[in-house]
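# Geometric and topological summary
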Amino acid sequence: MSERERDASTSGGVPVTDDLIDRLVTEAEEGYDVTALRRRGGRRPMGSAAAEVVPVRLDPELRAALLRRARNDHTSASEVIRRALQAWLDVA
């Protein structure tokens, strides 16, 4: 086994060998039946439509407070911001 094969692995821990790569290339070239592909996790839907990323600038003190709150609540900064906006705007 080459050093490349020893160091590289798929997310399932299977070594990526030249044989595996050849099989995957052949499979891809033959095409996929998209109706047979299984859905993989992904983010949970939010609200009535796809969520949108909204960039916001925060001063260092506010950012630090946000991160402290997220850590204390065992959640993400995004979730703290969503909860705060929902409460402030009085929406569900």
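Residues numbered from 1 in each chain as written. Predicted model: local features only at pLDDT ≥ 70, side-chain atom pairs only at ≥ 80, totals over all residues. Heavy atoms only, no water.

Per the stated rule, a full pass over the model turns up three salt bridges. Among the ionic pairs, Glu-79 bridges to Arg-83, the shortest N-O distance being 3.3 Å. With Glu-79 and Arg-83 both in helix H4 (residues 77-89) and four residues apart, this pair spans about one turn of that helix. (Salt bridge = Lys/Arg side-chain N within 4 Å of Asp/Glu carboxyl O. Helix = DSSP H or I, 4+ residues; strand = E, 2+ residues; numbered from the N terminus.)

This paragraph deals with unusual backbone geometry. The backbone of His-74 sits at a positive phi, close to 55 degrees, despite the residue not being glycine. With respect to the helices, strands and loops of the structure, His-74 is situated in the loop between helix H3 (60-73) and H4. Assessed through its relative accessible area of 74%, His-74 is described here as exposed. (Buried < 20%, exposed > 50% of the residue type's maximum accessible area, 1.4 Å probe, protein only.)

Taking 1.5 Å of rise per residue, the 13 residues of H4 would be expected to cover 18 Å, and the 18 Å separating its terminal C-alpha atoms lies within 8% of that figure. Phi turns positive one or two residues past the end of H4, at Asp-90, with a value near 55 degrees. (Expected span 1.5 Å × (residues − 1).)

Attention now goes to a nonpolar patch on the surface. A grouping of Ile-81, Leu-85, Trp-88, Leu-89 and Val-91 is seen on the molecular surface, where their side chains present a nonpolar patch of about 540 Å² in accessible area. Given the relative accessible area of 38%, Ile-81 is considered partly exposed. (Patch = residues over 30% accessible without salt bridge, like charges linked within 9 Å, V, L, I, M, F, W, Y side chains within 5 Å. Areas by Shrake-Rupley, 256 points an atom, 1.4 Å probe, with all protein chains shown as cover.)

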